[in-house]
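# Architecture and fold: a report
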Amino acid sequence: MIPSLIRDNQIVAVNCFVCKTIVSTGRDSKNKVHHLYMSTEHFIQTKKELESLITLTLEEKTWFDSVPGDSLPLRISHYYASLIDIDDINDPIRRQVVPLLNELKNLEQESNDPLCEAQHSHTSRLIHRYPNRVALLVSDYCATYCRHCFRRRFTAKEDAVIGQVELEKVGDYIEGDRNIKEMLLTGGDPLMVSNNRLSSIISFIREKRPDIVLRLCTRAIVTYPSRITLELIDMLKKYSTSPIYIMTQFNHPKEITQESIQAASLFADNGFPVMNQTVLLRGVNDDESVLEELMNTLLSIKVKPYYLFQGDMVEGTSHLRVPIQRTIEIERELRSRLSGLAMPSVAVDLPLGGGKVPLHEPYYKGETESKTHIFISLDGREIEYIDP
């Protein structure tokens, strides 16, 4: 186990990573022997390990005793756990990663696939919701499992990394549809894949479509910054026929540390623009001053605030979602405090695959009854978003 100690009421731990061989048992198993930057000794994954670092509340303990087998499991990198204030049960890092009993409460209007990604999938890992871009689920692993994860139906299912057979189907698909201009490499977290395997995936995509713009979607900058190395940067530089953008997720100023700043800078200083997509979370960052500090600080470390997202209507996350009217209030106040460069686009990714829309006209039509809000989707449908 990684040695750790308590310093100034914070958990301090050694942080490093290694390659671990994972053999998947999926349909493409012969081609699914891959290397992941994952090793159980570097992550908190059990109640016992977590209790060695923090004193669990009754609601936190009860989750472990009640959780069904198909729920999003516990995983926190030792680095990210070191940011938790052990004396604060409402610490914003803790609330993002330590599960609560509330996760087992599923509201009728919630779904395990609120964005209808499965309906828009052309292989088990290729999602085509918008005409000009696709998302490729490279890996189902993350360094840390966020309790607000909207893709928990896929994440942590131990299907490892995309296999070559499916990747070839993906290549044929994007080669045959020239309307696709961008591809999101996502998951899980694609940076949980070894440099060699990630290089082979990107190389194959570039062979099929050298013009396609790539978005590398990763939270490793925030939760596992030691994963961002010069070796990774050098590998990505080989595939510069068109841009690679880095999409990350800082949700609170506490996440901006010397380690995460260095990780973000490695990308930005080497020609990879870094964009941030914050998720608005109740009890974490639903405060104008917190968000003002976050956006301004991100800008100062060469990370562009891109989106501020309303929480998705995914099962087990109602306790983390912020009411729509409160989000509108926050947006209004932020616009008076932030520059145009620091101000993110505030949006909701509508249920039923309605797409990302802002929280104002002509898309937002108002509240029709208690907690029910009407939006017009990108394709003209009327869609309800229901507050928790």
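In every chain, residue numbers begin from 1 and rise along the written sequence. Residues qualify for local features only when their pLDDT is at least 70, as the model is predicted, and side-chain atom pairs are given and counted only at 80 or more; totals for whole chains, interfaces and linings, by contrast, use all residues. Side-chain numbers here rest on the full set of heavy atoms in the structure, without hydrogens or water.

## Thoughts on the environment of G316
Within the secondary structure, G316 is located in the loop between β14 (303-309) and α11 (324-337). It is 8.2 Å that separates the C-alpha atoms of G316 and E110, two residues lying 206 residues apart in sequence. Excluding anything up to four places from it in sequence, G316 contacts N102, E103, K105, N106 and E110. Helix and strand assignments follow DSSP, with helices taken as H or I runs no shorter than four residues and strands as E runs no shorter than two, numbered in order from the N terminus. In this description, contact between two residues means that some pair of their heavy atoms is separated by no more than 4.5 Å.

## A word on the environment of L74
Looking at where L74 falls in the secondary structure, it is placed in the loop between α2 (58-66) and β6 (76-77). Only protein chains enter the accessibility calculation, which uses a 1.4 Å probe; a residue is then buried when its area is under 20% of its type maximum, exposed when over 50%, and partly exposed in between. You can call L74 buried: its relative accessible area is 4%. Each C-alpha atom of the pair L74 and K47 lies 8.4 Å from the other, and the pair is 27 residues apart in sequence.

## Examining the sheet that holds strand β18 (residues 372-376)
The strands that make up a sheet are held in pairs by hydrogen bonds between backbone atoms, and each pair lies either parallel or antiparallel. One bridge is not enough; two strands pair if DSSP finds at least two bridges between them. The strand order β17-β18-β19 describes an open sheet built from three strands, whose pairing is antiparallel. Looking at the sheet topology across the chains shown, the edges are occupied by β17 (364-369) and β19 (382-386). The mean angle between the axes of side-by-side strands here comes to 30°, regardless of whether they run parallel or antiparallel. Strand direction decides the pairing type here: β18 and β19, joined by five bridges, are antiparallel. Opposite T372, over in β19, you have I386 as the bridge partner. Lines fitted to C-alpha atoms define the axes here, with helix axes fitted over just the stretch in contact, and angles between the N-to-C directions of these axes take values from 0 to 180 degrees. The strands touched by α11 within the sheet are β17, β18 and β19, with β17 carrying the most contacts at an inclination of about 145°.

## Some words on unusual backbone geometry
Along the chain, G187 connects to G188 via a cis peptide bond; the corresponding omega equals 25°. Assignment of secondary structure puts G188 in the loop between β10 (182-187) and α6 (195-208). Note that the residue after E361, namely P362, is joined by a cis bond; omega there is 5°. Along the chain, the position of P362 falls in the loop between β16 (355-358) and β17. Despite not being glycine, L352 shows a phi value in the positive range, around 60°. By secondary structure assignment, the location of L352 is in the loop between β15 (345-350) and β16. Overall, L352 belongs to the exposed group, its relative accessible area being 52%.

## Details of the pairing of β14
β14 sits mainly inside the fold: five of its seven residues count as buried. Judged from the six bridges that link them, strand β13 (residues 274-279) and β14 form a sheet pairing that is parallel. Paired with Q277 across the two strands is Y307, which belongs to β14. The handedness of the β13 to β14 crossover, carried by helix α10 (residues 288-300), is right-handed. By the criterion used throughout, a crossover qualifies as right-handed when its path from the first strand across the helix to the second strand runs clockwise, the strands pointing away from the viewer.

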